[in-house]
Amino acid sequence: MSTSSGSPESWISSFCGLLGHEYFAEVSEDFIEDDFNLTGLQNQVPMYKEALEMILDVEPEEDEEEEEEEEEEEDEEEDEDNDVEMRDENGNSVPYRRGAERRHMKVANDITEIESSAELLYGLIHQRFITSRPGIQQMADKYELQHFGSCPRVFCNQARVLPVGCNDIPGQETVKLFCPSCLDVYTPPNSRFQSVDGAFFGTTFGCLFFMTFPEFDVSAKGDPLNLAATHPAYAAPSPTSQAATNPAAAETVKHSRSSSLTSTPVTATVNPNLPASLTPEPLPVQPSHLNGIATSNLAPGLGPGRIHEPRIYGFRVSERSKTGPRMKWLRMRPADMNELDESRRWHDSYGGTEDDVQIGGGGENGGAQVEVPSGRRKKAARSRKRGVGVMDPGAVNGGGLEAL
Amino acid sequence: MGYLEFFWALSPLDLVRETFVHIHAWLSERTVDPDEAEFLADMNRKVDWNDDVEKDEFIGLMEYFHERSSSSEDLSWPEVFISSRGNEYFCEIDEDYLTDRFNLTGLNTDVQYYQYALDLVTDVFDLDCDDDMREQIEKSARHLYGLVHARYITTTRGLAKMLEKYKKGDFGKCPRVTCNAHPLLPTGMADLPHVQSVKLYCGKCEDLYNPKSSRHANIDGAYFGTSFQNILFQVYPALIPEKTIERYQPRVFGFKVHAAAALERWQSSKREEMQERLRETGMEKCFKEDVELEDDMEEDEEEVAGLDGADDVLAE
């Protein structure tokens, strides 16, 4: 047996079949058997060897004659005969035969310990496996079948999500769901996932998945929540219109509709940055790809018409109100995607060399030392603040690259 | 009957089995009305006897059942309505409010059999009619109650009632990880009925989420209206949650992903612009981090002062 998929009785498939383990892919035994893939795990997992044997359903040598009853059931399903046989022949030499032996309490502690070690080890291998080619492919199949559910956010319109961790170290956080449509993470709706460790999926998987499969359309399929009926501004802009070669017309329509009620909460203030996006001028030609991904796939659940606009009796709540909106930035996305082409924008306005960046950024930063420099983030933020007028892409880029 | 006490004393899986048996025994002593039959069927579906049980779901069912079984005959129509399953988001409308015609202005055009529905809602209904008609009127009554509810919850007393439910977390918790399970508020995306189902609003991230349970997905958003949650925070400004600039950053092997990071920087620049605008109007500290920054600054100033003092001593 080279892969676990063939035998439904293997430890791996029974583990993946447990309630709450629906997100797991079945790691192929080839992958586990390759020692390279297990590098470093020995130190992280107690009773590593036993745990590994349990995962692979390997019997210790003296146990040859029992090869045919290899199955390791999660629940104590084994019948009475089996139990007796087990005890007589093996005593406590087969500690992972937990079904039979737990009742005899000979090595009960060992068994539960190995069991939890095996789960931990499987989880850590799983974290690596799903970033490998066969693993990510398996997850892609699950993703296509909607095994991971959909985004709870209304404006994501039931976009499909992926399980991710917020930490790569086990025991820190439970599994979360990453929505590519709003680039945010959510707690799974069902409480049974509260016991699944996020590290078993890892921080890398979510993004790597969409880098591996750029052809997946992450936007919602149609309008399942019928948001279009709620307000014309919520009508889904067809995902292709943004990436099309001449989307100007479509964009304009969308914009003139939404400008009266969504986003750009700046109507009152004079800001040289905004008129361009406020007036319904046709947008320049939109790039179909930017920063390495298709623009239509970059957070399609965000942007104009995808931001909640608080209203009281139909009137928008002003930003200046104490209760006014403060978090719209989190759901914003430029109507003109060229604004995200940082390097081009920087070269357009400066066209200089790296030295210019340093002098410009460093010098003015020095002059603007009003606040306590508390790390890179703040510095980047301040350089942005300084450039309110032109949204100084040089500084932004400088900060960004630094942080990257 | 006391099965809730009974219920709490047991471990989850035992508890489900035992309680189920218990209820069956109890039901066999009396006739089962259609609602209860439906409930039992529903429970049977929910409870997979070989698996673990959705505990929250089950507790919800149990509580509902408890309430129903305790006194369903002498309950008024609104009380029955409030305690029925799926109507957990509603609060009970004061009778004075409901009987004041002024509060019902304009609803007669929206609701079929308006007068009968109103009679039913106010428990003065005594029309003899067939079941179909009765069903129609019942439906209208629920619609009417919902529409009045949207108006009621923006009044002082309605707000107070909803506030209680909000504090108890009756409307659920925000699924967004960074919001840290902040309690939600029910809201509509439209004030007209039959447009969009009820949504949940998180005051911390200011976004809308779909209710987890499908039984809430059929409630009309107009029964809560678009204004309610904003009015609530206007009336109780102390409850405005602290906003944070903290966010999720997609990473691959510890490195930020360029496309997402570029968008993030762009969003941050928009936030900075907003903060700048607010600062001009004298409103600072809109984010938790601003407050913390200020604290840091004060601490630093103290330190600096302390160091200066030390210098002075040395100089002397």
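Think of each chain on its own: its residues are numbered from 1, step by step along the sequence as written. The naming scheme follows written order: chains are lettered A onward, ligands numbered 1 onward. Totals for whole chains, interfaces and linings use every residue, but because this is a predicted model, local features are given only for residues with pLDDT of at least 70 and side-chain atom pairs only at 80 or more, for both listing and counting. Excluding hydrogens and water, the side-chain values take into account all heavy atoms of the structure.

Taking an unreviewed UniProt entry as the reference, chain B is identified by name as Casein kinase II subunit beta belonging to Imshaugia aleurites. In UniProt, chain B has this text filed under Sequence similarities (unreviewed entry): "Belongs to the casein kinase 2 subunit beta family." UniProt positions are given in the numbering used here, feature names are shortened, and annotations may be inferred rather than shown by experiment. Within the UniProt record for chain B, the comment given under Function (unreviewed entry) is "Regulatory subunit of casein kinase II/CK2. As part of the kinase complex regulates the basal catalytic activity of the alpha subunit a constitutively active serine/threonine-protein kinase that phosphorylates a large number of substrates containing acidic residues C-terminal to the phosphorylated serine or threonine."

Per an unreviewed UniProt entry, chain A is named Casein kinase II subunit beta, and its organism is Imshaugia aleurites. As recorded by UniProt, the Function (unreviewed entry) comment attached to chain A reads in full: "Regulatory subunit of casein kinase II/CK2. As part of the kinase complex regulates the basal catalytic activity of the alpha subunit a constitutively active serine/threonine-protein kinase that phosphorylates a large number of substrates containing acidic residues C-terminal to the phosphorylated serine or threonine." The record in UniProt for chain A states the following under Sequence similarities (unreviewed entry): "Belongs to the casein kinase 2 subunit beta family."

Caption draft 1: A look at the interface of chain B and chain A. Throughout, a contact is declared for two residues whenever any of their heavy atoms are within 4.5 Å. Between chain B and chain A, the residue contacts involve 72 residues of the former and 80 residues of the latter. In short, buried area is how much 1.4 Å probe accessible area vanishes from two parts on joining, totalled over both. When chain B packs against chain A, the two sides together hide about 7,000 Å² of surface, and 61% of this comes from carbon and sulfur. Any Lys or Arg side-chain nitrogen located within 4 Å of an Asp or Glu carboxyl oxygen qualifies as a salt bridge. Linking chain B with chain A are five salt bridges, by the criterion used here. A salt bridge links Glu342(A) to Arg265(B); its shortest N-O distance comes to 2.8 Å. Secondary structure elements with two or more residues in the side of chain B that touches chain A: strand E2 (199–202), strand E3 (207–209), helix H10 (228–235), strand E4 (251–252), strand E5 (255–256), helix H11 (258–280) and helix H12 (288–315) of chain B. By the criteria applied, helices consist of DSSP H or I runs no shorter than four residues and strands consist of E runs no shorter than two, each listed in order from the N terminus.

Caption draft 2: Molecular detail of the side chain of Asn87(B). Following the sequence through the fold, Asn87(B) ends up in the loop between helix H5 (77–83) and helix H6 (95–99). Look past the residues within four positions of Asn87(B) in its chain and what remains in contact with it is Phe81(B), Ile82(B) and Ile219(B).

Caption draft 3: Spotlight on empty space enclosed by the protein. Think of a 1 Å grid over the protein atoms and nothing else: a 1.4 Å probe that fits but is trapped marks a cavity, an open set flanked by protein within 12 Å on at least five of seven lines marks a pocket, and residues with an atom within 4 Å of a point count as lining. Grid points are joined across faces, edges and corners, and a volume is the space filled by probe spheres set on the points. Per the counting criterion, the structure on display carries nine cavities of 30 Å³ or more. The space that makes up the second largest cavity amounts to roughly 230 Å³. Considering the residues around the second largest cavity, the lining is formed by 17 residues, among which Leu183(A), Cys207(A), Phe210(A), Ile293(A) and Asn297(A) are closest to the centre. Of all the secondary structure elements, the ones that give two or more residues to the lining of the second largest cavity are helix H9 (205–212) of chain A together with H11 of chain B. No other element matches the three residues that H9(A) contributes to the lining of the second largest cavity. Three categories are distinguished: nonpolar for Ala, Val, Leu, Ile, Met, Phe, Trp, Tyr, Cys and Pro, charged for Asp, Glu, Lys and Arg, and polar for the others, with Gly belonging to the last. Each residue belonging to the lining of the second largest cavity can be placed in one class, and the counts come to 16 nonpolar, one polar and no charged.

Caption draft 4: Region of interest: the pairing of E2(B). Residues and elements named next belong to chain B. Taking every second residue as pointing to the same face, both faces of E2 are buried, with Lys199 and Tyr201 on one and Leu200 and Cys202 on the other. Whether two strands pair depends on DSSP finding at least two bridges between them. Where E2 lies against E3, three bridges are found, and the strand directions are antiparallel. Its bridge partner lying in E3, Leu200 is registered against Tyr209. The turn joining E2 and E3, which pair antiparallel and follow one another in sequence, is formed by four residues; a positive phi near 55 degrees is taken by Glu206. To sort residues, take the accessible area from a 1.4 Å probe on protein chains only and compare it with the maximum for the residue type: under 20% means buried, over 50% means exposed, and anything in between is partly exposed.

Caption draft 5: Layout of the sheet that holds strand E1 (residues 162–164) of chain A. Residue and element names in this part refer to chain A. Read across the open sheet, the three strands follow the order E1-E2-E3; overall the sheet is antiparallel. Every other strand in the sheet has two partners, leaving E1 and strand E3 (184–186) as the edge strands with one partner each. Adjacent strand axes in the sheet meet at a mean angle of 45 degrees when their direction is disregarded. Pairing of E1 with strand E2 (residues 176–179), which is carried by three bridges, proceeds in the antiparallel orientation. Directly across from Val164, in E2, lies its bridge partner Lys176. An axis is simply a line fitted to the C-alpha atoms; with a helix, the fit covers only the stretch in contact. Between two such axes, the angle follows the N-to-C directions and lies from 0 to 180 degrees.

Caption draft 6: Highlighting the pairing of strand E1 (residues 184–187) of chain B. Residues and elements named next belong to chain B. Both faces of E1 are covered, namely the face carrying Leu184 and Pro186 and the face carrying Leu185 and Thr187. One ladder, built from four bridges, connects E1 with E2; its direction is antiparallel. Within E2, the position partnered with Pro186 by the bridge is Leu200.

Caption draft 7: Quick look at the pattern of salt bridges. Residue and element names in this part refer to chain A. Throughout the structure, instances matching the rule amount to 21 salt bridges over all chains. The salt bridge involving Lys49 is made with Glu53; its shortest N-O contact spans 3.5 Å. Remark: Glu53 and Lys49 occur in helix H4 (residues 48–56); sequence separation between them is four residues, near one turn of the helix. A salt bridge links Lys328 to Glu309; the nearest nitrogen and oxygen atoms lie 2.9 Å apart. Here Glu309 lies in the loop between strand E5 (293–294) and strand E6 (311–312) and Lys328 lies in the loop between strand E7 (315–316) and helix H14 (342–349), a separation of 19 residues in the sequence. According to the relative accessible area criterion, Lys328 is buried, its value standing at 6%.

Caption draft 8: Here's a closer look at the sheet that holds E1(B). All names here are of chain B. Taken in spatial order, the three strands of this open sheet run E1-E2-E3, and their pairing is antiparallel. Among the strands making up the open sheet, the edge pair consists of E1 and E3. Across this sheet, the average inter-strand angle for adjacent strands is 40 degrees, counted without regard to direction. Sitting on the sheet, H10 touches E1 and E2, and the angle it makes with E1 is about 130 degrees.

Caption draft 9: Representation of the packing of helix H9 (residues 156–168) of chain B against H10(B). Residue and element names in this part refer to chain B. Two elements in contact, H9 and H10, have axes separated by 11 Å at closest approach and are oriented at 95 degrees. By the angle between their axes, H9 is roughly perpendicular relative to H10. Residue-level contacts link Leu159, Met162, Leu163 and Tyr166 of H9 to Phe228, Ile231, Leu232, Phe233 and Val235 of H10. Among the residues forming the contact of H9 with H10, the class breakdown is nine nonpolar, no polar and no charged. Note on angle classes: values under 35 degrees are labelled roughly parallel, values over 145 roughly antiparallel, values of 65 to 115 roughly perpendicular, and the remainder oblique.

Caption draft 10: Inspection of unusual backbone geometry at higher detail. Residues and elements named next belong to chain A. Even without a glycine there, the phi angle at Ala299 is positive, about 45 degrees. Judged by relative accessible area, which is 1%, Ala299 ranks as buried. You will see that Tyr313, though not glycine, has its phi angle at about 45 degrees, which is positive.

Caption draft 11: Up close: the packing of aromatic side chains. A pair of Phe, Tyr and Trp rings is counted when the ring centres sit within 6.5 Å of each other, with Trp represented by its six-membered ring. The angle between the planes then sorts it: under 30 degrees is stacked, over 60 is edge-to-face, the rest tilted. Evaluated as defined, the whole model comprises 35 aromatic pairs over all chains. Relative to Tyr122(A), the ring of Phe24(A) has its centre 6.3 Å away and its plane inclined at 50 degrees; by these criteria the two rings are tilted. Placement of the pair is Phe24(A) in the loop between helix H1 (11–16) and helix H2 (29–33) and Tyr122(A) in helix H7 (residues 108–129), with a sequence separation of 98 residues. Residue Phe24(A) is classed as buried on the basis of its relative accessible area, which comes to 3%. Judged by its relative accessible area of 0%, Tyr122(A) falls in the buried class. In textbook terms, an aromatic cluster arises when at least three aromatic residues are bridged by ring pairs, as seen for Trp11(A), Phe15(A), Tyr23(A), Phe24(A), Tyr122(A), Phe148(A), Phe193(A), Phe200(A) and Phe201(A). Here, a charge over a ring is recorded when the distance from Lys NZ or Arg CZ to the ring centre is within 6 Å and its angle to the ring normal is within 35 degrees. Here the basic side chain of Arg271(B) rests over the ring of Trp329(A), its NZ or CZ set 4.6 Å away from the ring centre.

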